[in-house]
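Inside the fold
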Amino acid sequence: QVQLVESGGGLVQPGGSLRLSCAASGIIFSDYVMGWYRQAPGKQRELVADITRNFRTNVADSVKGRFIISRDNAKGTVDLQMNSLKPEDTAVYYCKAARLWISLDYWGQGTQVTVSS
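Residues numbered from 1 in each chain as written. Predicted model: local features only at pLDDT ≥ 70, side-chain atom pairs only at ≥ 80, totals over all residues. Heavy atoms only, no water.

So, the packing of aromatic side chains
Aromatic ring pairs are reported here in terms of the distance separating the ring centres and the angle at which the planes meet. Rules: Two aromatic rings, drawn from Phe, Tyr or Trp (for Trp, its six-membered ring), form a pair once their centres lie within 6.5 Å of each other, and the interplanar angle then sorts them: stacked below 30 degrees, edge-to-face above 60, tilted otherwise. Only DSSP runs of H or I covering at least 4 residues are called helices, and only runs of E covering at least 2 are called strands; the numbering of each starts at the N terminus. For every residue, the accessible area obtained with a 1.4 Å probe (protein chains only) is divided by the maximum for its type, and the residue is called buried under 20%, exposed over 50%, and partly exposed between those limits.
In this structure the tally under the stated criterion is three aromatic pairs. An angle of 65 degrees between the planes, with centres 5.0 Å apart, marks the rings of Tyr37 and Trp107 as edge-to-face. Within this pair, whereas Tyr37 is found in strand E4 (residues 32–39), its partner Trp107 is found in strand E10 (residues 105–107), the two being separated by 70 residues in sequence. Relative accessible area serves as the criterion here: at 33%, Trp107 is assigned to the partly exposed category. Ring geometry for Tyr94 versus Trp107: centroids 6.4 Å apart, planes at 85 degrees, classification edge-to-face.

This is how it looks when you write it as structure tokens:
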């Protein structure tokens, strides 16, 4: 049984920080590119950042310099450190595991991040 379980979402003031975590089970973690996506109401789901097993990262321009993605291959976890949060960062954030070389993706259930005064 494959599971991706996100945690760490919540309500934060503009300029604040949150750290999201995703714990994967039921997969060979190192065979997957791990990523964080987000979806705001009325908008399409978009890539926030992803990271390979060798720690190469890809970060969306909208969050570059503010968000940091990391992974621990031994623990099977991927984190997203979010700093200098803005109201436009408000969304449901989803963890994704994308299998190398084949079309096989898994998604977490999502965690709500709300940035508001």
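And the narrative resumes.
Focus: the pairing of strand E9 (residues 91–99)
Stated formally: Strands were regarded as paired on the criterion that DSSP finds at least two bridges between them.
Burial analysis of E9 places seven of its nine residues in the buried class, which makes it a mostly covered element. Where E9 and strand E11 (residues 111–115) come together, three bridges link them in antiparallel fashion. Bridging across to E11, Ala91 finds its partner in Val113. What sits between E9 and E10 in their antiparallel hairpin is a turn of five residues, with Trp101 showing a positive phi close to 75 degrees.

Overview of the environment of Gly110
What counts is decided by this rule: The criterion used for residue contact is that any of the two residues' heavy atoms lie within 4.5 Å.
Relative to the assigned elements, Gly110 resides in the loop between E10 and E11. With 78 residues separating them in the primary sequence, Gly110 and Tyr32 have C-alpha atoms 18 Å apart. Not counting residues up to four positions away in its chain, the partners in contact with Gly110 are Glu6, Val92, Tyr93 and Tyr94.

Structural notes on the state of the cysteines
Put plainly, a disulfide is one covalent bond tying together the sulfur atoms of two cysteines. Definition in use: The rule for a disulfide is simple: a pair of cysteine sulfur atoms within 2.5 Å.
Counted according to the given criterion, the structure contains one disulfide. Covalently, Cys22 is tied to Cys95 through a disulfide, its sulfur atoms 2.1 Å apart. Of note, the bridge from Cys22 to Cys95 carries an S-S torsion of about -80 degrees and is left-handed in sense. Residue Cys22 is found in strand E3 (residues 18–25), and its partner Cys95 is found in strand E9; the two are separated by 73 residues along the sequence. Judged by its relative accessible area of 0%, Cys95 is buried.

Digging into the pattern of salt bridges
Short version of the rule: Salt bridges are identified by distance alone: a Lys or Arg side-chain nitrogen within 4 Å of an Asp or Glu carboxyl oxygen.
Summed over the entire model, instances satisfying the criterion amount to eight salt bridges. Among the salt bridges present, the one from Lys64 reaches Asp61, with a minimum N-O distance of 3.1 Å. In this pair, the class of Lys64 matches that of Asp61, namely exposed. Between Asp89 and Arg66 there is a salt bridge, with the nearest N and O atoms lying 2.8 Å from each other. Of this pair, Asp89 sits in the loop between strand E8 (77–82) and E9 while Arg66 sits in the loop between strand E6 (57–59) and strand E7 (67–72); the two residues are 23 residues apart in sequence, bridging distant segments of the chain.

Considering the sheet that holds strand E1 (residues 3–7)
Cut-off, in case you're wondering: Lines fitted to C-alpha atoms define the axes, with helix axes restricted to the stretch in contact, and inter-axis angles between N-to-C directions lie between 0 and 180 degrees.
Across the sheet, four strands lie side by side as E1-E3-E8-E7; this open sheet has antiparallel pairing. Of all strands in the sheet, those with a lone pairing partner are E1 and E7, marking the two edges. For this sheet the average axis-to-axis angle between neighbouring strands, irrespective of direction, equals 15 degrees. Judged from the six bridges that link them, E3 and E8 form a sheet pairing that is antiparallel.

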